[in-house]
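# Examination of the molecular architecture
Chain by chain, the residues run as shown.
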Amino acid sequence: MSAGTYAPRPGAAPLGRMIAAQTVFETKMLLRNGEQLLLTVVIPSLLLVLFSTVDIIDTGSGEAVDFLTPGVLALAVMSTAFTGQAIATGFERRYGVLKRLGASPLPRWALMCAKTLSVLVTELLQIALLTSIALTLGWSPRGNPLSVLLLLALGTAAFSGLGLLMAGTLRAEATLAAANLVFLLLLVGGGVIVPLDRFPDGVESVLSLLPISALSDGLRDVLQHGAALPWVDLGVLALWAALGLGAAARFFRWE
């Protein structure tokens with residue numbers, strides 16, 4: 001019997017095809033999870049509609065939706081890249097899913113690449129939905145789209161690194177509690193809904209160094225005020241991305 005008898009030929013698929021298949025699988029699992037959909041889609045949408053239509057918080061001069069939309073976009077990135085990914089990866093690690101996938105023909109770095117691509121696909125869906133809602137509410141975006149994409153990319157890298165670090169070092173239950181707690185704290189103190197200048201000067205200075213604050217302020221500078229490139233916010237996000245991804249690569253435990 002010749003070696004060419006078997007069809008399909010045994011062996012691992014091309015690396016690109018494996019990453020694409022894992023990305024599709026990760027995205028489907030994420031979108032089928034009702035709790036994650038609540039966190040990534042429903043909550044940001046409700047916050048945008050509620051605070052844009054009801055005069056609850058003083059957002060300064062101009063339309064409330066122009067102030068709120070950049071912050072809610074930043075919140076959407078955090079909810080997917082940090083909170084959702086940390087919880088899902090933490091429980092995959094607990095149940096041994098990561099260990100088994102790590103022993104498959106798919107390299108471990110390619111698995112993390114697929115998870116990142118899944119996060120990006122979900123974020124694109126979130127941004128499309130939130131942008132549609134904001135435009136319906138009267139949002140008037142300004143600025144360079146490339147600056148927005150750069151901010152979103154660095155924000156995703158920063159939050160993804162921190163989420164993977166948490167998922168790879170803490171127990172799954174601790175990750176669940178900590179990720180949700182951080183989400184709530186940064187929602188209140190990250191400049192998403194409440195402007196940072198409403199806080200005392202010392203507190204404002206500390207809060208401005210958080211990745212959610214840098215992302216929301218940077219997006220606001222571009223989309224609301226038409227700024228070119230908010231270099232300070234980009235620098236803060238780049239630093240968090242380097243620290244988070246570096247620490248995740250160093251300390252992530254697969255078991």
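Owing to the predicted nature of the structure, the values given are computational and were not obtained by experimental measurement.

## Regarding the packing of aromatic side chains
In total, this model carries one aromatic pair according to the counting rule given. Measuring from ring centre to ring centre gives 6.1 Å for Phe-91 and Tyr-95, while their planes differ by 35°; the resulting arrangement is tilted. Residue placement shows Arg-220 over the ring face of Phe-67; its charged tip is 3.8 Å from the ring centre.

## Some words on the layout of surface pockets
In this structure, the largest pocket occupies an estimated 460 Å³ of space. Contributions of two or more residues to the lining of the largest pocket are made by helix 1 (15–32), helix 2 (34–53), helix 3 (64–94), helix 4 (97–102) and helix 5 (108–136). Looking at which element gives the most residues to the lining of the largest pocket, the answer is helix 3, with eight residues. Residue classes in the lining of the largest pocket are distributed as 11 nonpolar, nine polar and four charged. The volume enclosed by the second largest pocket comes to roughly 230 Å³. In this structure, the second largest pocket is lined by Met-112, Thr-116, Ala-157, Ser-160, Leu-164, Leu-245, Ala-248, Ala-249, Phe-252 and Trp-254. Listing elements by their share of the lining of the second largest pocket, those giving two or more residues are helix 5, helix 6 (145–169) and helix 10 (231–251). Grouping the constituent residues of the lining of the second largest pocket by class yields eight nonpolar, two polar and no charged.

## Thoughts on the packing of helix 3 against helix 6
A pair of packed helices can be characterised by two numbers: the angle between their axes and the separation between those axes. Interaxial distance between helix 3 and helix 6 falls to 8 Å at its minimum, and their mutual angle equals 25°. By the criterion of interaxial angle, the relationship of helix 3 to helix 6 is roughly parallel. The hand of the helix 3/helix 6 crossing is right-handed. The residues of helix 6 that touch helix 3, namely those facing Val-77, Met-78, Ala-81, Phe-82, Gln-85, Ala-86, Thr-89, Gly-90 and Arg-93, are Leu-152, Gly-155, Thr-156, Phe-159, Ser-160, Leu-162, Gly-163, Leu-164, Met-166, Ala-167, Gly-168 and Thr-169. Partitioned by chemical class, the residues of the contact of helix 3 with helix 6 number 11 nonpolar, nine polar and one charged.

## A short note on the packing of helix 6 against helix 9 (residues 211–223)
Following both chains from N to C, one finds helix 6 and helix 9 inclined at 170°, their axes separated by 10 Å at the closest point. When the axis of helix 6 is compared with that of helix 9, the two are roughly antiparallel. Touching Ser-147, Val-148, Leu-151, Leu-152, Gly-155, Phe-159 and Leu-162 of helix 6 are Pro-211, Ile-212, Leu-215, Gly-218, Leu-219, Val-222 and Leu-223, all from helix 9. Within the contact of helix 6 with helix 9, the residues separate by chemical class into 11 nonpolar, three polar and no charged.

## Observations concerning helix 3
When the terminal C-alpha atoms of helix 3 are compared, their 43 Å separation across 31 residues agrees well with the 45 Å that a helix rising 1.5 Å per residue should span. Here helix 3 lies mainly inside the structure; 29 of its 31 residues are buried. Of the residues one or two after helix 3, Gly-96 is the one with positive phi, at around 85°.

## Regarding the nonpolar core
Counting residues in each nonpolar core, the largest one holds 47 residues, and the members touching the most others are Leu-48, Met-78, Phe-159, Leu-215 and Leu-219. Listed by contribution, the elements that provide at least two residues to this core are helix 2, helix 3, helix 5, helix 6, helix 7 (172–189), helix 9 and helix 10. If we skip the residues at most four places from it in the chain, Leu-48 touches Val-65, Leu-68, Thr-69, Val-72, Leu-130, Ile-133, Ala-134 and Leu-137. Core analysis: the next-biggest nonpolar cluster, separate from the first, contains 12 residues, Met-18, Leu-106, Ala-114 and Phe-252 among them.

## Some remarks on the pattern of salt bridges
Scanning all chains against the criterion turns up six salt bridges. Note that Glu-92 is salt-bridged to Lys-115, the shortest N-O span being 2.6 Å. Within this pair, whereas Glu-92 is found in helix 3, its partner Lys-115 is found in helix 5, the two being separated by 23 residues in sequence. Its relative accessible area of 4% is what places Lys-115 among the buried residues. Put simply, Arg-220 and Asp-217 hold a salt bridge, and the shortest N to O gap is 3.3 Å.

## Some remarks on helix 10
Given 3.6 residues per turn, any residue in an α-helix points the same way as the ones three and four places further on. With 21 residues, helix 10 should cover 30 Å at 1.5 Å per step; its first-to-last C-alpha distance of 30 Å lies within 8% of that length. Buried within helix 10 we find Asp-233, Leu-234, Val-236, Leu-237, Ala-241, Gly-244, Ala-247 and Ala-248. On its buried face, helix 10 is in contact with helix 6 and helix 9.

## Some points on the side chain of Glu-26
Summarising the element assignment, Glu-26 is placed in helix 1. A distance of 3.3 Å separates polar atoms of two side chains, one belonging to Glu-26 and the other to Lys-115. Ignoring any residue separated from it by four or fewer positions in sequence, one finds Glu-26 in contact with Glu-92, Leu-111, Lys-115 and Ser-118.

Procedures and definitions
Residues numbered from 1 in each chain as written. Predicted model: local features only at pLDDT ≥ 70, side-chain atom pairs only at ≥ 80, totals over all residues. Heavy atoms only, no water. Phe/Tyr/Trp six-rings, centres within 6.5 Å; stacked < 30°, edge-to-face > 60°. Lys NZ or Arg CZ within 6 Å of the ring centre and 35° of its normal. 1 Å grid on protein atoms, 1.4 Å probe; cavity = no way out; pocket = protein on both sides within 12 Å on 5 of 7 lines; lining within 4 Å. Points joined across faces, edges and corners; volume = space filled by probe spheres on them. Helix = DSSP H or I, 4+ residues; strand = E, 2+ residues; numbered from the N terminus. Nonpolar A, V, L, I, M, F, W, Y, C, P; charged D, E, K, R; others polar. Axes fitted to C-alpha atoms, helices over the stretch in contact; angles between N-to-C directions. Parallel < 35°, antiparallel > 145°, perpendicular 65-115°, else oblique. Left-handed = near helix turned anticlockwise from the far one by under 90°. Contact = heavy atoms within 4.5 Å. Expected span 1.5 Å × (residues − 1). Buried < 20%, exposed > 50% of the residue type's maximum accessible area, 1.4 Å probe, protein only. Core = buried A, V, L, I, M, F, W, Y, C linked by side-chain atoms within 4.5 Å. Salt bridge = Lys/Arg side-chain N within 4 Å of Asp/Glu carboxyl O. Polar contact = N/O pair within 3.5 Å; in protein donor to acceptor, adjacent residues only side chain to side chain.

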